[in-house]
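Chain by chain, the residues:
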Amino acid sequence: MSKIQEIAELVEKGKAKLVGKAVQEAIDEGCEPTAILNEGMIDAMAVVGERFKNNEIFVPEMLVAARAMKKGVEVLKPYLATGATGALGKLIIATVAGDLHDIGKNLVAMMIESAGFEVIDLGVDVPIEKIVECYKENPDTKIIALSALLTTTMPSLRDTVAALNGEDFRSDIKVMVGGAPITREFAEEIGADGYSEDAASAATLAKELVSA
Amino acid sequence: MNSKERFYATIERKPVDRPACWMGMPTPTAIPELCKFYGVDTFNELKVACGDDFYAVEVPYKSPTCSALYAAFDWYMNGTNVDTEHRTLTADGCFAECEDIEDVEAVNFPWPDPELYIDPEECKRLVDEAPEDKVVIGMVWACHFQDVCAAFGMQTCLMNMVAEPEMVHAVDDKIVAFYEKALKIFLEATKGKVQAILIGDDMGSQRGLMISPALIEEFVIPGAKKLIDIAHSYGVKVVYHSCGSIVDAIPLLIEAGVDAIHPIQALAAGMQPDNLKAKFEGQVSFCGGVDTQDLLVNGTPEMVKDKVKELRGYFPTGLIVSPSHEAIQSDVPPVNIKALFDEAQKIYD
C-alpha cells in the first residue's frame, strides 16, 4: 500500500491520532503535498460521504473522519501553497433567522470544507443583513448555503433567498438550500440555485455549482 | 369503549371501536388559535373539546436553576441551564475538553438529586386534575442520549462514542441514574393513576439513523431499558419517542420492551405506514403518522381525513392517531386538527 493510500485509509477510519504522523512520513518520503491533500484526504472524504449517503456509516463515523482529515491538514499546511486547502473558494453557510437548529447545517459545513472549500459558518438564527454583510466582507465568496429545519421557518428561508436575489452581487454567487422540510420544488420556487438532501450530496452540489 | 379501554386495546393490538387519538403538545404559539377555533379558553378545555383520549402531565421539577425535568442539567455550569447562547445541541458542554475518565471526574459536575426538586405531592396534584376517563400520560422524556450529547457538545460526544466510549458511558450512567430516580418518585406518588409514560431520544434524521444500530444498542438502549422496566413494574405502558427515520432502530426498541413507537415521522425515509406494518405488525404499537412537515401545514381538511382513513386501513388497531410530531406548530390550521380528530373518531361499519 502506498503512503497516500495509507493516509486515505486512516482518514476513512477516523484515526486522527495516526494521520498526522503518516502525512509527515509521506512528505519525508517525497510525496507531492497536493497529491497527499487531494488523493489522501479529499478523495477519502468523498468516499466517506458516499458511504454516509448509502447508510453504510453514520454521523459519528463521518465526524471522526473529518477530524482525522483536519489533523492531517494541520501537518500538511506548511508544505502547501497558500489557499490550497480552500481551493474551491469561499462558501458562507447559515441557519436562517428564527431557526436555532444546526446539526444538519454543521454536517453540511464539515463535508463542504472537507471537499476543498473555505467555509464561513455564521451559525444559527442568522438575519439577512448579517449574511449580506458577510458577503460584502468576503466578495470572493462563491456560494451561500442556507438551512431551515422547521416548517415555520421556511418563510424565513424564502425571505432570505428573495433578499439575496435582489442584491447586485447575486449573479456572482450561487445559493443552495437544505433542511428536513425543504424539497427540490420549494428550492426552485423560492429561486435558489440548488438543493441537496444530505451533507454528502451538499458537498457534491457545491462542487457542481462552482464548476458550472 | 372509553379512552382507557381504547388505549389498552390499542397497545395490546386488540379490536377497538375506533383509534385512540392524541393531539400531542402544541407549541405555546399554536395554542391560542386552536383554542379560538374550538371556542375554549384553556389547553385542557381544548383537549376535551376535540375529544383527545389523553391527558398529558409534565413531571413537575423545580430547582434553583430550572423548572423542567428535561432541563435539569446545567451542562454549561453557568447557572442558567437553557440560556439562549447554548440552546443549540451542538454548543460545547462542560465535558467538551475531556480526554479521559480522569478528566470527566475532574469536571466535578454538580449532579442534581431529583428528590430535592420533585415534589411527590405536586405530582399527585397534577395527575389528580386529569379527567377520570382520560389516559394519563406522564411526559418524562428522560432523553439521556440527547443529554449526554449536550454534556460534551453533540459533535464531540458522537466522536467520543466511537473513539473514547468509556467517557460517554461514565456521564450517561449518571444521567440515567438521575432519570431512574425521578421516574420512581413520579410513579410512586401517582401509583395506579398513570397509564403511560413518554420517554425518548431523537436518533433519526429525515433520511436515516444519525448513529448506527450498533451504537444505539450500546448507548441508547440500556438506559431506555432501565426506565421501561421501572414503568412496567408499576403497570405503566411506555410510549417511546424519536423524531426522524428510525425504522432500523425499532427492532431494538421492541426488544427493550417499548409498547408504542412515537411519532411515525411520516415523510422520513422508511416510516411510511405500509412499511411499518410489513415489518412490525403484531410486535409493537404506534402513535402518530399524520404528517406535520407538509400535510397538516399545507393540506386541506379533506386530505387530512384521507390520510387518517389510510392509516386506519393499515392499522385497524395498534395505532394512536396523532400528528407526526407532538409539538404542533403555529402554521398548522386548526381546521386540519379538527379534520384529524373527526376522522379518527368516526366509528366505521
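No experiment lies behind these values; they were computed from the predicted model shown. (Residues numbered from 1 in each chain as written. Chains lettered and ligands numbered in written order. Predicted model: local features only at pLDDT ≥ 70, side-chain atom pairs only at ≥ 80, totals over all residues.)

A. Quick look at the environment of Cys143 of chain B. Tracing the backbone shows Cys143 of chain B in the loop between β2 (135-141) and α7 (144-152). As a C-alpha pair, Cys143 of chain B and Ala224 of chain B span 81 residues in sequence and 8.9 Å in three-dimensional space. (Helix = DSSP H or I, 4+ residues; strand = E, 2+ residues; numbered from the N terminus.)

B. Structural context of the packing of helix α6 (residues 120-128) of chain B against helix α9 (residues 165-189) of chain B. Residue and element names in this part refer to chain B. In the contact formed by α6 and α9, the axes pass within 8 Å of each other and the chain directions differ by 55 degrees. Between α6 and α9, the interaxial angle falls into the category oblique. Handedness of the α6/α9 crossing: right-handed. Contacts between α6 and α9 involve Pro120, Cys123 and Lys124 from the former and Ile185, Phe186 and Ala189 from the latter. Looking at the contact of α6 with α9 residue by residue, the class counts come to 5 nonpolar, no polar and 1 charged. (Axes fitted to C-alpha atoms, helices over the stretch in contact; angles between N-to-C directions. Parallel < 35°, antiparallel > 145°, perpendicular 65-115°, else oblique. Left-handed = near helix turned anticlockwise from the far one by under 90°. Contact = placed C-beta atoms within 7 Å. Nonpolar A, V, L, I, M, F, W, Y, C, P; charged D, E, K, R; others polar.)

C. Representation of the environment of Thr10 of chain B in the model. With respect to the helices, strands and loops of the structure, Thr10 of chain B is situated in helix α1 (residues 3-11). Look past the residues within four positions of Thr10 of chain B in its chain and what remains in contact with it is Val16, Pro19, Ala20, Ser285, Thr317, Gly318, Leu319 and Ile320 of chain B.

D. Main features of the domain arrangement of chain A. All names here are of chain A. Looking at chain A, the domain boundaries give domain 1 (3-84) and domain 2 (88-211). A separation of 26 Å is found between the C-alpha centroids of domain 1 and domain 2. With 9 residues of domain 1 at the contact, the number on the domain 2 side is 11 residues. Put simply, the parts of the chain that give the side of domain 1 that touches domain 2 at least two residues each are α3 (33-53) and α4 (59-76). Broken down by element, the side of domain 1 that touches domain 2 gets its largest block of residues, 6 residues, from α3. Grouping the constituent residues of the side of domain 1 that touches domain 2 by class yields 6 nonpolar, 1 polar and 2 charged. (Domains from an automatic or database assignment.)

E. Spatial organisation of the interface of chain A and chain B. Chain A puts 21 residues into the contact, and the matching count from chain B is 24 residues. If you tally residues by element for the side of chain A that touches chain B, the top one is α4 of chain A, at 6 residues. Partitioning the side of chain A that touches chain B into residue classes produces 11 nonpolar, 5 polar and 5 charged.

F. Expanded view of the packing of helix α2 (residues 31-38) of chain B against helix α3 (residues 43-50) of chain B. Residues and elements named next belong to chain B. Put simply, α2 and α3 touch, their axes get as near as 10 Å, and they point 50 degrees apart. Classed by the angle they form, the pair α2 and α3 counts as oblique. Seen along the crossing, α2 lies across α3 with a hand that is left-handed. Judged by residue contacts, Ile31, Leu34, Cys35 and Tyr38 of α2 engage Phe43, Leu46, Ala49 and Cys50 from α3. Here the contact of α2 with α3 is composed, by residue class, of 8 nonpolar, no polar and no charged.

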